[in-house]
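Summary of structural features
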Amino acid sequence: MTKTHVSLTVNGEKKDVLVDPRELLIHTLREQMDITGPHIGCETSHCGACTVDLDGKSVKSCTMFTVQAEGADVTTIEGLGSPDGLHVLQEAFKENHGLQCGYCTPGMITRAHRLLQENPNPTEEEVRFGMAGNLCRCTGYQNIVKSVLAAASEMNSAKEAAE
Amino acid sequence: MKDEVTSRDERVANLKGMGASRKRVEDARFTQGKGNYVDDVKLPGMLFGDFVRSPYAHARVNGINIEEAMKVPGVLAVLTAKDLEPLGLHWMPTLAGDKQMVLADGKVLFQGQEVAFVVATDRYACADGVEAVEVDYEDLPVIVDPFEAMQSDLVLREDLEAGADGAHGPRKHHNHIFLWEEGDEAATNQALESSEVVAEEMVYYHRTHPCPLETCGCVASMDKVNGKLTLWGTFQAPHVVRTVASLLSGIDEHNIRVISPDIGGGFGNKVGVYPGYVCSIVASIVTGKPVKWIEDRMDNLMATAFARDYWMKGKISATKDGKITGLHCHVTADHGAFDACADPTKFPAGFFHICTGSYDIPVAYVGVDGVYTNKAPGGVAYRCSFRVTEAAYFIERMIEVLAIELNMDAAELRRINFIKQEQFPYTSALGWEYDSGDYHTAWDKALEAVDYAGLRAEQAQRVEDFKAGKTRKLLGIGLTHFTEIVGAGPVKNCDILGMGMFDSCEIRIHPTGSAIARLGTISQGQGHATTFAQILASETGIPADKITIEEGDTDTAPYGLGTYGSRSTPVAGAATALAGRKIRAKAQMIAAYLLEVHDDDVEWDVDRFVVKGAPERFKTMAEIAFASYNQAIPGVEPGLEAVSYYDPPNMTYPFGAYVCVMEIDVDTGEHEVRQFYALDDCGTRINPMVIEGQVHGGLTEALAIAMGQEIAYDDMGNCKTGTLMDFFMPTAWETPHYTTDHTETPSPHHPIGAKGVGESPNVGGVPAFSNAVHDAFRAFGLRQSHMPHDHWRIWKTANQLGLHG
Amino acid sequence: MIPAAFDYHRPDTIDAAVGLLAEHGEEARVVAGGHSLIPMMKLRMAYLSHLVDLRDVQEMQGITVDGDTVTLGAMVTQHELITSDALASVAPILREASLQIADPQVRYMGTIGGNVANGDPGNDIPGLMQALDAKFVLAGPEGRRTVDARGFYEAAYMTAREDEEILTHIRFRSVAGMGYAYEKQKRKIGDYATAAAAVLVAKDGDTISEARIAMTNLSDTPIFSEGAGAALVGTSGDGAAVAAAIAAMQADIDPAEDNRGPVEFKRHVAGVMLSRAINSALSRA
């Protein structure tokens, strides 16, 4: 099987990889790039643990081949925040006990990031609907919803302050 | 020193000790994707292993041809039972005293059973290798029903000697595993016969699965140069895994290091020892390279660790005014192909005999028949102590059925039968000694909080409206008062494979007044790194922020039995508190020496020892720690360390009162939880934020189980629920809001009075949701229907009651 | 869950894609959003040697509203169906239905073409297309042809599309002004329908002048129930008319038992969904 060369941008960094056409994006991220924030949970695109942001969309990276991501701009949980400071969403999840085992958390936060880009001021119902592609077994979602709403409010205040 | 201007309240706050909603120290890592789960472990030259699994539920394996598989590029080895047999590893002992095939030995007994183990350079080559293995199956008749199994001539377990006793006594039939009994059957039958009212019902708690978001897996690495085996894995009990690995492999225990890294949820799924662990170890020994095995979701749902599957036939008797006089229960327990239940050795039905619940029942009997079928093995405690959720569901359904029989309000029936506060410690008819409780207070608080009388009035009106054709929705009020039994357990009667169920904590205080503590448990999301530091902060006066908690590495942590059955706080939490007290005892001697007074002349105050009557003269724990390392103190060893192994004198008995208000559409079977009130009493509360989070999660798992989550089989033994399309896990959209509340009745025998909470919401939640469904139809004559209450089953109930016109 | 190996192709024109299908025959499959096909490949329930990815085919993108005629490129995603205001003004039922498909991540990737072309009876959009009386444009080695949505579905995963053809576009007439509803019962977000009903109605005064009804996941194909529509036309949509429509619909469907429930339950729920959809559509007409 001949490997295919794929160029893509991951967390702002240009990456070149050689992959089998059948290699799934989640495996390229985790195995070739050591980006292990996105996790594998269900493998049939139901749980969202593998969610990454790809060209402005929330995408389940277990259901996409890396060859399909040629030229794409990918952001994972590692691309939010920085070693010096947490992203507002990361901080909100921490403050509001929005996680327990942590396994769903990278996918949750990555999805919430896109949700708030599209809808900066969501209602609780919109958060629940917009986060319904991500499963969590630990929290019962109560504090995840609270975390996303808190982050939205924080981001909006910061925006207002800047204006 | 800055301390002198700090108020006592500020010093207390600074500790972030018990009672504080301390933010979790784990979260900075997890929110940045820097967790380290087993699939994140990557070693040089690491290989990947995966199973060929049986598509049949029952078949002879007449041959396995690995020729084509070995030609697949990247495939290095294919292990079968024949390869494991010379090592004595083709079968392995289960935690329940049975044995289980590691790889199919002549036949397969359930769909998804492990048949061969393919080892390859990566998971892609491995998958191709798995597909290329050819297995010659000859299918056999299948038994998926435990009642049929007990009648059938078909022998499922040909490996067991006919007529010979099992691990738990005589077997009455070739598909029988054990009969386990507790209580006085003759006296119970007599009570039933002489009572004014008897209610009888079959209560089925269906088969389901813990399904943590991370599946099971491991990395085995045999270093042939130094003879050491390192095993990373999703282990809820790493120390026990080390002991089992040593016993199975013959490798000396000191040469085995087991590491549980971060675990992506356990819920009982990761207690057992699975063929994947054994095969990975063997493969690493054979190839000399590290071998990783990670289940996929289908493997997980089909093969590792189902839960429940209890058919509970109950009889409950009472006087005509509702005083319960006796309880009889016979369980037919479907254990699947091997008895791999994860229970303390002497309890093949776990603590099911807590099934008298919160009620003062004078006489009771329980008999449990364990049965083999062609279904996956397991029988784990899915977010509950051993078989406690089955017990709570049973009694809370029987109470409802009795209320119907008596034509009595179910809340009132509970109230008049509760064990009274002054009866604690209370010895139940089935032999448990309940440590503490105040059920009436909790119950009254709950009923008042939800305006119970108002709800009943609304419900009565709804029934009228329904009958008048004004609505197609019914209102159900689901009540539960549960009593749990957790914190296993006393070494005198609780062990796992002979290991007493104590737990441990080792503390080292560093010279500058910070500390590290290691425990025999392992967090899977419970937040131990946060909460155990809080216990230590309160006990030692060292701020929680200066205490590192470490678990899960058997080379560094003291031996412990792990985390499941809500045992971490009751057992390891006690060990932690007592280790902290040992530190404080030594610190007292050092402080007295430094302050030049007698030991008895100093007293503890938050974070320091103070000379009695002279509050300006004190030594802080930080000062004491430094002194312990830099001064020669007569009669006192240098350093400040302590170890505690805690053997609990009794279990703890958390309890709670839950009310679920549910709207049910009789035409579609759809439901909506309009209100859920959960009052938990877990004794002393260490971190209210973490407790509330545990309750939210447990309730949601209970919602899933009660309303749709099952492992279902067809008549051929095919598992119909192998993916998350069909195995119900609610999203944020289907999950309701919860109101949490508490009372606080400390455990009298626990050093800090804490009882454990992680599993209460599942134990109490399942009957609350189920009772709400039943209650909605009570006015129309429903007594009992089987979970899960998914749309079609609710519809069927309505249909059978004639509600569809 | 690892798929078997394949060769990957990424043509940028319809002709090139059709050429690849013609060249590789049964060994080739096209992929649009991939959320039906890729899981099946991972479960090794779908085998192929050549995967033809349509993501670069610009001709198959975009939503065009030209007067009365609506044209959707097959690569339009469910997310686009939801967010397009132009589409909402001419066929708001597509937004209502698309919001009930799968989950947010899947809707970013899942396409209308994939949803209608693969013939999965669980998919929501085929029934909608029948209600909209859409035409599917198929491109093949012999050129292009148009097939009615109402005649496209033959059996589960069997359609009028030939193996070497690609469904490139969907066309239908605006239904602006018609009352509409898509009612779907499912077990949870991400699930297929236990039963779902698509309804479009037009009224002349208080009388229903036109009614189009299609049902989802209640047979091995979507069911366009002419009888159900006919039962409503000329009535006010009163209880008797709705009951007649339900009876006609129930004569047309043939549900199978699965984990969502037994046949009688599905038939009953189909009636409830249709009743709700009719009432909701009438309230918007």
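Since we're looking at a predicted model, the values are computed, not measured.

As a further point, take the overall build of chain C. What chain C contains, in helices and strands, is eleven helices and 14 strands. A compact globule built from 285 residues should have a C-alpha radius of gyration of about 19 Å, and chain C, at 19 Å, falls within 12% of that. Expressed along its principal axes, the backbone C-alpha trace of chain C runs to roughly 55 × 45 × 35 Å. Burial analysis of chain C (285 residues in total) assigns 61% to the buried set. For chain C, the accessible surface area stands at approximately 10000 Å², while carbon and sulfur atoms represent 46% of it. Computing the positive centroid from 25 side-chain charges and the negative centroid from 38, chain C places the two 6 Å apart.

What chain A contains, in helices and strands, is five helices and five strands. Its helices and strands taken in sequence order, chain A reads β-β-α-β-β-β-α-α-α-α from the N to the C terminus. By the compact-globule yardstick of 15 Å for 163 residues, chain A fits well, its C-alpha radius of gyration being 16 Å. The dimensions of chain A, computed from C-alpha atoms along their principal axes, are 50 × 35 × 25 Å. Looking at chain A as a whole, 66% of its 163 residues qualify as buried. Accessible surface computed for chain A: about 5300 Å², of which carbon and sulfur atoms make up 46%. Here chain A contributes 14 positive and 22 negative side-chain charges, whose respective centroids are spaced 5 Å apart.

Here we come to the pairing of strand E28 (residues 608–611) of chain B. All names here are of chain B. Because side chains alternate across E28, one face comprises the buried residues Arg608 and Val610, and the other comprises Phe609 and Val611, equally buried. Where strand E27 (residues 602–605) lies against E28, four bridges are found, and the strand directions are antiparallel. Bridge pairing in E28 links aspartate 605 to arginine 608. Hairpin connection of E27 to E28: two residues between the antiparallel strands, including valine 606 at a positive phi of 65°. For E28 and strand E29 (residues 614–620), the ladder comprises four bridges, and the chain directions are antiparallel. When the sheet's bridge partners are listed, valine 611 is paired in E29 with alanine 614. Once E28 ends, the chain turns through two residues before running back antiparallel as E29, passing glycine 613 with a positive phi of about 80°.

Contact residues are listed per partner, giving 26 residues for chain B and 24 residues for chain C. Sorting the residues of chain B by area buried against chain C places Met725, Trp792 and Trp795 of chain B first, and these three jointly supply 26% of that buried surface. Summed over the shared surface of chain B and chain C, the result is five salt bridges. Scanning the region where chain B abuts chain C turns up 14 residue pairs in polar contact (both at pLDDT 80 or more).

In this section: the side chain of histidine 696 of chain B. By the element assignment, histidine 696 of chain B lies in helix H18 (residues 688–707). Histidine 696 of chain B has contacts with Thr139, Gly140, Gln142 and Asn143 of chain A together with Tyr738 and Thr740 of chain B, leaving out every residue within four places of it along the chain.

The subject of this paragraph is the packing of aromatic side chains. Residue and element names in this part refer to chain B. Enumeration over the complete set of coordinates arrives at 41 aromatic pairs over all chains. Ring centres 6.0 Å apart and planes at 25° place the aromatic pair phenylalanine 30 and tyrosine 37 in the stacked group. With relative accessibility at 6%, the residue phenylalanine 30 sits in the buried group. A connected cluster of aromatic rings, assembled from ring pairs, spans Phe51, Phe117, Phe235, Tyr274, Tyr277 and Trp293. A cation over a ring is seen here: lysine 99 above tryptophan 91, with NZ or CZ 4.7 Å from the ring centre. One cation-aromatic arrangement involves arginine 608 over phenylalanine 618; the distance from NZ or CZ to the ring centre is 4.2 Å.

This next bit is on unusual backbone geometry. Residues and elements named next belong to chain B. A cis amide bond links phenylalanine 424 to the next residue, proline 425, at an omega of -10°. Inspection of the secondary structure assignment puts proline 425 in the loop between helix H12 (410–417) and strand E19 (426–427). Backbone torsion omega between methionine 787 and proline 788 reads -10°, so that peptide bond is classified as cis. With respect to the helices and strands, the residue proline 788 is situated in the loop between helix H19 (760–776) and helix H20 (791–800).

Residue and element names in this part refer to chain C. A contiguous patch of negative charge on the surface is contributed by Glu26, Glu27, Glu142, Glu154, Glu162, Asp163 and Glu164. Its place among the elements puts aspartate 163 in the loop between strand E9 (158–159) and strand E10 (166–173). Accessibility expressed as a relative area gives 47% for aspartate 163, which makes it partly exposed.

Okay, the interface of chain B and chain A next. By a widely used convention, the size of an interface equals the accessible area lost when the partners come together. The interface is formed by 56 residues belonging to chain B together with 49 residues belonging to chain A. Taken over both partners, the interface formed by chain B and chain A buries close to 4500 Å², and the fraction arising from carbon and sulfur atoms is 55%. Contact with chain A buries area across many residues of chain B, yet Thr31, Tyr124 and Leu213 of chain B alone supply 18% of it, more than any other trio. At the boundary of chain B with chain A, the tally comes to six salt bridges. The closest approach of N and O atoms between arginine 30 of chain A and aspartate 39 of chain B, which form a salt bridge, is 3.8 Å.

Mean pLDDT over chain C stands at 97; residues scoring 70 or higher make up 100%. In the predicted assembly, ipTM is 0.98 and pTM is 0.97.

Rules and cut-offs
- Residues numbered from 1 in each chain as written.
- Chains lettered and ligands numbered in written order.
- Predicted model: local features only at pLDDT ≥ 70, side-chain atom pairs only at ≥ 80, totals over all residues.
- Heavy atoms only, no water.
- Helix = DSSP H or I, 4+ residues; strand = E, 2+ residues; numbered from the N terminus.
- Rg over C-alpha atoms; globule rule 2.2 N^0.38 Å.
- Buried < 20%, exposed > 50% of the residue type's maximum accessible area, 1.4 Å probe, protein only.
- Areas by Shrake-Rupley, 256 points an atom, 1.4 Å probe, with all protein chains shown as cover.
- Lys, Arg positive; Asp, Glu negative; His and termini not counted.
- Charge placed at Lys NZ, Arg CZ, Asp CG, Glu CD.
- Pairing = 2+ DSSP bridges.
- Contact = heavy atoms within 4.5 Å.
- Buried area = accessible area lost by both parts, 1.4 Å probe.
- Salt bridge = Lys/Arg side-chain N within 4 Å of Asp/Glu carboxyl O.
- Polar contact = N/O pair within 3.5 Å; in protein donor to acceptor, adjacent residues only side chain to side chain.
- Phe/Tyr/Trp six-rings, centres within 6.5 Å; stacked < 30°, edge-to-face > 60°.
- Lys NZ or Arg CZ within 6 Å of the ring centre and 35° of its normal.
- Patch = residues over 30% accessible without salt bridge, like charges linked within 9 Å, V, L, I, M, F, W, Y side chains within 5 Å.
- pLDDT = per-residue confidence, 0-100.

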